[in-house]
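Descriptive structure summary
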Amino acid sequence: MKPLYIALSTLVAATALGACTSNGNYVASPHQRHRAVAMDLDTAARVEARIQADERQALRHTVRVNVVKGQAELLGEARNAEERQMAETVALQTHGVKEVKNLMTLRR
């Protein structure tokens, strides 16, 4: 029983090390990367839908959202700084968003 336990633990350790690169980072499988991208796309769609549903923002239909690893990037126009800030707040309150980079411009 002991040799089987040792062989099994060696196999598990070797498998775990196989996923680790020389710089200590773990390699994600294609499935894991695809899932992460799908989650970011879903988060971006939810942020964009919430902003477009907010009738307090006159230029809400110009806003586009990109999300990468939980960081939302807001692109588009706002009439004033308050509308720009409202869009950022909506994004931050959306599940899956960890940080917001607000690149919205003010329409003059």
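The sections below set out a description of the structure shown in this document. (Residues numbered from 1 in each chain as written. Predicted model: local features only at pLDDT ≥ 70, side-chain atom pairs only at ≥ 80, totals over all residues. Heavy atoms only, no water.)

**Quick look at the pattern of salt bridges**
Within the structure shown, the criterion is met by 5 salt bridges. For Arg79, the salt bridge is made with Glu83, and the minimal N-O distance between the two is 2.8 Å. Residue classification places Glu83 among the buried residues on the basis of a relative accessible area of 3%. (Salt bridge = Lys/Arg side-chain N within 4 Å of Asp/Glu carboxyl O. Buried < 20%, exposed > 50% of the residue type's maximum accessible area, 1.4 Å probe, protein only.)

**Brief notes about helix H2 (residues 30-53)**
Compared with the 34 Å implied by 1.5 Å per residue over 24 residues, the 35 Å span of H2 between its first and last C-alpha is a close match. Those residues of H2 not exposed but buried are Asp40, Thr43, Ala44, Val47 and Ile51. (Helix = DSSP H or I, 4+ residues; strand = E, 2+ residues; numbered from the N terminus. Expected span 1.5 Å × (residues − 1).)

**What to know about helix H3 (residues 81-92)**
Residues spaced three or four apart along an α-helix face the same direction, because each turn holds 3.6 residues. Under the 1.5 Å per step criterion, the end-to-end length of H3 is 16 Å for 12 residues, consistent within 8% with the ideal 16 Å. Within the sequence span of H3, burial applies to Glu83, Met86, Ala87, Glu88, Val90 and Ala91. Between the side-chain oxygen of the N-cap and the backbone nitrogen of Glu82 there are 3.1 Å, and the N-cap of H3 in question is Asn80. (Polar contact = N/O pair within 3.5 Å; in protein donor to acceptor, adjacent residues only side chain to side chain.)

**Regarding the environment of Glu82**
Along the chain, the position of Glu82 falls in helix H3. Residues Glu82 and Gln57 lie 25 residues apart in sequence; the distance between their C-alpha atoms is 9.2 Å.

**Side note on unusual backbone geometry**
In this structure, Lys69 is a non-glycine residue whose phi angle is positive, near 50 degrees. In this fold, Lys69 is placed in the loop between strand S1 (64-68) and strand S2 (71-75).

**Considering the environment of Ala72**
If you trace the backbone, Ala72 turns up in strand S2. The spatial distance from the C-alpha of Ala72 to the C-alpha of Ala44 is 7.2 Å, given a sequence separation of 28 residues. Among all residues touching Ala72, those that are not within four sequence positions of it are Val65, Asn66, Val67, Val97, Glu99, Val100 and Lys101. (Contact = heavy atoms within 4.5 Å.)

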